[in-house]
Amino acid sequence: MGREKSGREIQHLKKIRWNKVFSARQIKIVEPEQRNGNITIFELAVICTAVRNLTDPKLIIEIGTFDGRTTLNLAVNSPPKTKIVTLDLPPNEETKFELAPFEEYFVNKPVSGERFVDCPTEMKPYAKKISQVYGDSAAFDWSDYFGKADLVFIDGSHAYDYVVCDTKTALKLIKPTGIIIWHDYGEWDGVTKALNQFFTNGMRDIVIIKSSTLVTLNNNNIFKI
Ligand SMILES: C[S@@+](CC[C@H](N)C(=O)[O-])C[C@H]1O[C@@H](n2cnc3c(N)ncnc32)[C@H](O)[C@@H]1O
């Protein structure tokens, strides 16, 4: 993957080093092996650091489970009582918008969240914190979680319409001090175009984490910059 997904959209957002955004924290990474579809180990470390920066998080939401590598790490790096809700699109499910070309590769898999479903015994207490939900992110009923999420990680469909829709959803999901993190800015044109537009239209506090394709929202001035 990779050839067909990007290249045309210019990156408008400012790049900031991870430690200007989040304070350094001790993190734990499990399942380090990166498969096609996973985020990089550096991106995983940044997200785990973001989680460790949260104060008493109750709810973390991920859009786009895939094999659950990030999901499991969200569980490992959050307090025992934090609930992790991860949504994935089942194969052959009708979608509200068209997916980006070649995305079926990530959708068509025998199981979502393999890394926490089929995990070693010592990982089971973390896996228990995870609730797997299924559906199309644009059609899913998120209302139970409105205003409750400490962190939302957006990594579902990379099609422009989905990034716009998932971003609007995330803005409803997060608490006033919550963090939103997007993956694949500069990598998939749909993500780059959508976030450039949000920026131009007034969401001025989004920045790229340098050396990654992660974008994060400086909600309520949480950044150190
Ligand atoms: C790139 S993978 C996610 C990678 C994962 N977050 C990680 O960090 O390893 C994208 C995932 O989003 C799911 N997906 C695609 N379109 C979706 C939609 N409309 N609603 C919910 N999930 C979707 C795919 O099934 C796939 O599992």
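Worth saying up front: this structure is predicted, and the values here are computed from it rather than measured. (Residues numbered from 1 in each chain as written. Predicted model: local features only at pLDDT ≥ 70, side-chain atom pairs only at ≥ 80, totals over all residues.)

Novice: How would you summarise the overall build of the protein if you had to cite specific residues and measurements?
Specialist: Of regular secondary structure, the protein possesses 8 helices and 8 strands. Here the C-alpha atoms of the protein give a radius of gyration of 16 Å, agreeing with the 17 Å that 2.2 N^0.38 yields for 225 residues. Here the C-alpha coordinates of the protein stretch approximately 45 × 45 × 35 Å along the principal axes. Here the protein holds 225 residues, and 44% of them are scored as buried. (Helix = DSSP H or I, 4+ residues; strand = E, 2+ residues; numbered from the N terminus. Rg over C-alpha atoms; globule rule 2.2 N^0.38 Å. Buried ≥ 20, exposed ≤ 12 C-beta atoms within 10 Å, placed from the backbone.)

Novice: Go over the site of the ligand, please, and point to the residues and values.
Specialist: The full set close to the ligand counts 23 residues, and Gly64, Phe66, Thr70, Leu89 and Ser157 are the nearest of them. Those elements giving two or more residues to the shell around the ligand turn out to be α3 (69–76), β3 (83–88) and α4 (104–107). In the shell around the ligand, the residues fall into 9 nonpolar, 9 polar and 5 charged. (Near = placed C-beta within 6 Å. Nonpolar A, V, L, I, M, F, W, Y, C, P; charged D, E, K, R; others polar.)

Novice: Explain the pairing of strand β5 (residues 149–154) to me, using residue names and the numbers behind them.
Specialist: Regular strands place their side chains on alternate faces of the sheet. Counting buried residues along β5, 6 of its 6 residues qualify, which places the element largely inside the surrounding structure. Here strand β2 (residues 59–63) runs beside β5; their pairing, made up of 4 bridges, is parallel. By the bridge assignment, isoleucine 63 is partnered in β5 with isoleucine 154. Viewed along the sheet, the connection from β5 through helix α7 (residues 160–173) into strand β6 (residues 174–182) turns out right-handed. (Pairing = 2+ DSSP bridges. Right-handed = clockwise from strand over helix to strand, strands pointing away.)

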